[in-house]
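# Architecture at a glance
Residue-level listing of the chains:
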Amino acid sequence: MTAAGTGSALVREATRRLQNAGVPDAARDARHLFSFATGVDCSRLTLTLPEVVCDDVAAIFDALIVRRIAREPVSHLTGRRAFYGREFKVTADVLDPRPDTETLVEVALRSHFTKMIDLGTGSGCILVTLLAEVPQSIGFGTDLSGAALDVARENAETHGVLDRATFVCADWMESTKGSFDLIVSNPPYIAVDEMVGLSPEVANWEPHMALTDGADGLTHYRTIIKQAVSHLMPDGRLIFEIGPTQGQAVADLMRAAQLQHVTVIPDIDGRDRVVSAQMIGFKPERRA
Ligand SMILES: C[S@@+](CC[C@H](N)C(=O)[O-])C[C@H]1O[C@@H](n2cnc3c(N)ncnc32)[C@H](O)[C@@H]1O
């Protein structure tokens, strides 16, 4: 085994290369990827960085930095991403779970539910989290991507909820039978003319069908609302994640479908992130 220098020197050099390539948060990514390459938790890196690193590990770290310079997302390089306190498997077939989507989870958890469906489940981050948080519930996850459903199934197994989850390859609710007291969805909502503003990490590496409807960003809300109203139990809720400028438009679509208690909910930064509505037959929410 030959030595490639200390961890500190390697991370410093990697940070410089990432910065030169225009990668945002270069120092954070370099540490994160060094932690992944060495198998040492980020919280313990300060202790191990002064140690000399062997050539094999240095080569693994270098390969990760080269991929990051090509703007491959860190979650694709490490194969995982934290969401609502749990680690999720992530591949190029699924949208990288976003902190924004935790707002939808929080809103869903404010009221009682036992049978839910997550439309466009992707990695399964919403469905698996809700099943894990509400142990008496069962849930369905649909997606048009079979590869995404494989990832969601694996995440359900990892988090011990696979026996309460059913995954279906379907176009939204087209083949759905039965009713639900909770329908959730984070559909592709980026308007086609907003795609040019996306970072390379999103535009070049995340699945196109997870991002945009190829139109005004509202196509999937229109379809889902139309389908969902006949699958909501009395008092059942329909909850969407939205883009920050879509609150009014999605709320109007829900009201037009005779849904009640339509509410636009901001995230902790004050940006509209969720719209929630209820089928007629209202029960007060358990938590504010
Ligand atoms: C924005 S991603 C959300 C993924 C995941 N629920 C999350 O919040 O991270 C949208 C998902 O909808 C899926 N999708 C796109 N069109 C669909 C359709 N017509 N029917 C079902 N799923 C669809 C995509 O494959 C993708 O997984």
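First, a word on what this report is: a plain description of the structure on this page. In this convention, every chain numbers its residues from 1, walking through the sequence in written order. For a predicted model such as this one, the threshold for reporting local features is a pLDDT of at least 70, and the threshold for listing and counting side-chain atom pairs is 80 or more; totals across whole chains, interfaces and linings nevertheless cover every residue.

## Examining the sheet that holds strand S10 (residues 260-266)
Strand pairing is defined by DSSP finding a minimum of two bridges between the two strands. The helix and strand labels rest on DSSP assignments: H or I over at least four residues marks a helix, E over at least two residues marks a strand, and numbering proceeds from the N terminus. Read from one edge to the other, the open sheet built from seven strands follows the order S7-S6-S5-S8-S9-S11-S10, with strand pairing classed as mixed. If you trace the sheet from one side to the other, it starts and ends with strand S7 (165-169) and S10, each paired once. Put simply, the sheet's adjacent strands are angled 15 degrees from each other on average, direction ignored. In this sheet, strand S11 (residues 272-278) lies alongside strand S9 (residues 232-241) in antiparallel orientation, the contact comprising five bridges. Note that in S11 the partner of Phe240 across the bridge is Val275. Note on geometry: axes are lines fitted to C-alpha atoms, helical ones only across the stretch in contact, with angles between N-to-C directions running from 0 to 180 degrees.

## Observations concerning the packing of helix H6 (residues 101-108) against helix H7 (residues 125-133)
In the contact formed by H6 and H7, the axes pass within 10 Å of each other and the chain directions differ by 35 degrees. Where H6 crosses over H7, the two elements pack in a sense that is right-handed. Residues Thr101, Leu104, Val105 and Ala108 of H6 lie in contact with H7, whose contacting residues are Cys125, Ile126, Thr129 and Leu130. Grouping the amino acids of the contact of H6 with H7 by side-chain chemistry returns six nonpolar, two polar and no charged. Throughout, a crossing is termed right-handed when the near helix is turned clockwise from the far one, and left-handed when it is turned anticlockwise from it by less than a right angle. Think of it this way: build a C-beta for each residue from its backbone, and any pair within 7 Å is a contact. For this scheme, ten residues count as nonpolar: Ala, Val, Leu, Ile, Met, Phe, Trp, Tyr, Cys and Pro. Four count as charged, namely Asp, Glu, Lys and Arg, and the remainder, Gly too, count as polar.

## Comments concerning the pairing of S11
The exposure scheme places C-beta atoms from the backbone and then counts, for each residue, the other C-beta atoms within 10 Å of its own, assigning buried at 20 or more, exposed at 12 or fewer, and partly exposed in between. Judged by how many residues are buried, S11 sits mostly within the fold: six of seven residues are covered. Two successive antiparallel strands, S10 and S11, enclose a turn made up of five residues, where Gly270 displays a positive phi of approximately 85 degrees.

## Side note on the site of the ligand
For each residue, a C-beta atom is placed from the backbone, and the residue is labelled near a molecule or strand when this atom is within 6 Å of it. Surrounding the ligand, one finds 21 residues, the nearest of these being Gly120, Gly122, Leu144, Asn186 and Ala210. Within the residue set of the shell around the ligand, elements represented by two or more residues are H7 and strand S6 (138-143).

## Digging into the pairing of S10
As judged from the five bridges shared by S10 and S11, these two strands associate in the antiparallel manner. Within S11, the position partnered with Val264 by the bridge is Val275.

## Regarding helix H11 (residues 247-256)
If you check which residues of H11 are buried, you get Gly247, Val250, Ala251, Leu253 and Met254. All buried residues of H11 lie within an arc of 155 degrees about the axis, which places them on one face of the element. For H11, exposure combined with an orientation more than 90 degrees from the buried face picks out Gln248, Arg255 and Ala256. In this fold, the buried residues of H11 make contact with helix H10 (219-228), S9, S10 and S11. Two residues or fewer after H11 comes Gln258, characterised by a positive phi angle close to 70 degrees. The arc under discussion is defined with respect to the helix axis, by the directions toward the C-beta atoms.

## Let's talk about the packing of helix H1 (residues 7-20) against helix H4 (residues 55-69)
Two numbers describe how H1 lies on H4: the axes approach to 10 Å, and their chain directions differ by 15 degrees. On the basis of their axis angle, the class for H1 and H4 is roughly parallel. For the pair H1 and H4, the crossing hand works out as right-handed. Between H1 and H4, the residues in contact are Leu10, Ala14, Arg17 and Leu18 and Ala58, Phe61, Ile65, Arg68 and Ile69, respectively. Taken together, the residues of the contact of H1 with H4 break down into seven nonpolar, no polar and two charged. Working definition: roughly parallel below 35 degrees, roughly antiparallel above 145 degrees, roughly perpendicular at 65 to 115 degrees, and oblique for all remaining angles.

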